[in-house]
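Each chain is listed here by its residues.
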Amino acid sequence: MTGVARQLVSFHERYHKYFQRHTVNIADRAFQYLKGLFQADKKNLERIEERIPETSYDPLQYFLSDADWDWYPIHDQIAADADSLLGGHGDSALYIDETGIPKKGKMSVGVSRQWCGQLGKTDNCQVAVFATLGCGRFSTPIDTRLYLPESWTDDKKRCLKAKVPIDEIIFKTKHEQALEMIFHARKSGIRFNWVGFDGFYGSNPEFLRVLSDSNETFMADVHKNQHVYLEDPQPIVPKAISKRGRKPTKLKAQTASIRVDKLVEEQPGDAWKRIKVRETTKGKLIVDILHKTVWLWDQKEKNARRWHLIVRREVDSPNEIKYSVSNAAPETSMKRLAFMQAQRYWVERPFQDAKNECGMGEYQARGWLSWYHHMTMVMMAMLFMIEQRLHHQPEIPLLSCADITTLLKSILPRRDVSEGEILRQLDIRHEKRQASIDYARKKQADSGVLLQLE
């Protein structure tokens, strides 16, 4: 690991061309920002400036918010580099997931009161949908889309103020954004054998149909109230029972559906099979698996879809049950399906690392451009760390992203190494705090609140 700083320089040189054609020193600013994501304790511009030598706030702010460098080809390069590490294996998969980033105020692009997984509740936040390429316990994000709620896309003036491109001021559901990334990854030659996602996506019948019709294999978590059929419902339009009134036009199933949780309750004990799905730090993860062939029908299509139902029950916590459906080939074994279902567990880790180690949610970026610029740099940082972990896997199998950032903090040059520099930085901090206090007092005075008190 002694050459990790040199490897970081080499890594940046691979991406140098994407910044080189722009304003002078943009490539240098990119490298400073990348190092700041590893070195600064808090990954905002002030702390990056304090930690990274030869940086200043204004050029960094320009790099993030105003410099016209295109992140999209960088995403493609990140995806290609990730594919060389994680794609093309039997267990390679593309995972769709979203993350919420809490934000105060109303000005940050896309911010709204919406579900925030990080907080576990509905709150003011930005939400992004990510595509993550994984193989086994290793994964890294390769593409992302910022979700714009309708409260934003219906307000063109607000979007333009946040510098949202005019052709992006159109409402897209998270499912539509997910499909965009899946199909773009496939078109770009990214090699994955299935797509995995949680119950929010799995509960959308149209989303599943589009994937299936596009010959994409999926493993989709579903909610416990998901209805399935144990026999082909063979939907038909029933014959009219009277000459009066309108003739029936809606399809009707010929068999009854059942909720998946009710189906599980009716299963005998010997219907479950105990298997090992993966290794963990605490030993083998052993679970009980129930597998059924079922039909799903959205009450619109002429024919129902015959898919797999995979139900997982924790051995030590039998009330913890996970339901999934998959359009994998009919001959796919229960053990293989259970393995595929269990692999989505690993997608949570890159988001934890991105937030804890690379400042995914600590940016000072209100606008569209700055948001994508920051997320692109975070994705580059995550790619570098997955490269390092895989490269050093033989001799350091437990190497983590936290280990890499700890090492980089200790060996990369630091700006705040002298008493004089630290005191200078404290003076700047105090000046900014005082300016903020003075601004708030002036705003209060101008509003007439103080006069009302008198």
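Residues numbered from 1 in each chain as written. Predicted model: local features only at pLDDT ≥ 70, side-chain atom pairs only at ≥ 80, totals over all residues. Heavy atoms only, no water.

**Some thoughts on the pairing of strand β5 (residues 194-197)**
(1) Moving on: On β5, burial covers both faces: W194 and G196 on one face and V195 and F197 on the other are all buried.
(2) Moving on: Inspection of the sheet shows strand β1 (residues 92-102) paired to β5 by four bridges, in the parallel sense. Across the sheet, the residue bridging to L94 is V195, located in β5.
(3) Moving on: Where β5 meets strand β6 (residues 218-222), three bridges bridge the pair, whose relative direction is parallel. In the sheet register, G196 faces β6, and the bridge partner there is M219. (Buried < 20%, exposed > 50% of the residue type's maximum accessible area, 1.4 Å probe, protein only. Helix = DSSP H or I, 4+ residues; strand = E, 2+ residues; numbered from the N terminus. Pairing = 2+ DSSP bridges.)

**Looking at the packing of aromatic side chains**
The way to describe two aromatic rings as a pair is by their centre distance and the angle between their planes.
(1) Moving on: According to the stated counting rule, one finds 20 aromatic pairs in the structure shown.
(2) Moving on: With a centroid separation of 5.3 Å and an interplanar angle of 75 degrees, the aromatic rings of F130 and F351 are classed as edge-to-face. Linking F130 in strand β3 (residues 121-135) with F351 in helix α14 (residues 348-357), this pair joins segments that are 221 residues apart in sequence.
(3) Moving on: Judged by its relative accessible area of 1%, F130 is buried. (Phe/Tyr/Trp six-rings, centres within 6.5 Å; stacked < 30°, edge-to-face > 60°.)

**Re the pattern of salt bridges**
(1) Moving on: Following the criterion strictly, the structure yields 27 salt bridges and no others.
(2) Moving on: Measuring nitrogen to oxygen at the nearest pair gives 3.3 Å for the salt bridge that ties R51 to D41. Of this pair, R51 sits in helix α4 (residues 45-51) while D41 sits in the loop between α3 (26-39) and α4, and the two are ten residues apart along the sequence.
(3) Moving on: Salt-bridge contacts for R209 lead to D298; the nearest nitrogen and oxygen are separated by 2.0 Å. (Salt bridge = Lys/Arg side-chain N within 4 Å of Asp/Glu carboxyl O.)

**With respect to helix α15 (residues 368-391)**
(1) Moving on: Over its 24 residues, α15 runs 35 Å from end to end, which matches the ideal 34 Å to within 8%, given 1.5 Å per residue.
(2) Moving on: Most of α15 sits inside the fold, with 22 of its 24 residues counted as buried. (Expected span 1.5 Å × (residues − 1).)

**Notes on helix α6 (residues 72-86)**
Three- or four-residue spacings in an α-helix give side chains the same orientation, since the helix completes a turn every 3.6 residues.
(1) Moving on: Between its terminal C-alpha atoms α6 stretches 21 Å, which fits the 21 Å expected from 15 residues at 1.5 Å a residue.
(2) Moving on: Buried residues in α6 make contact with α1 (4-15), α2 (17-20), β1, β3, β4 (138-146) and α15.
(3) Moving on: Among the residues trailing α6, G88 stands out with phi positive, at a value near 80 degrees. (Contact = heavy atoms within 4.5 Å.)

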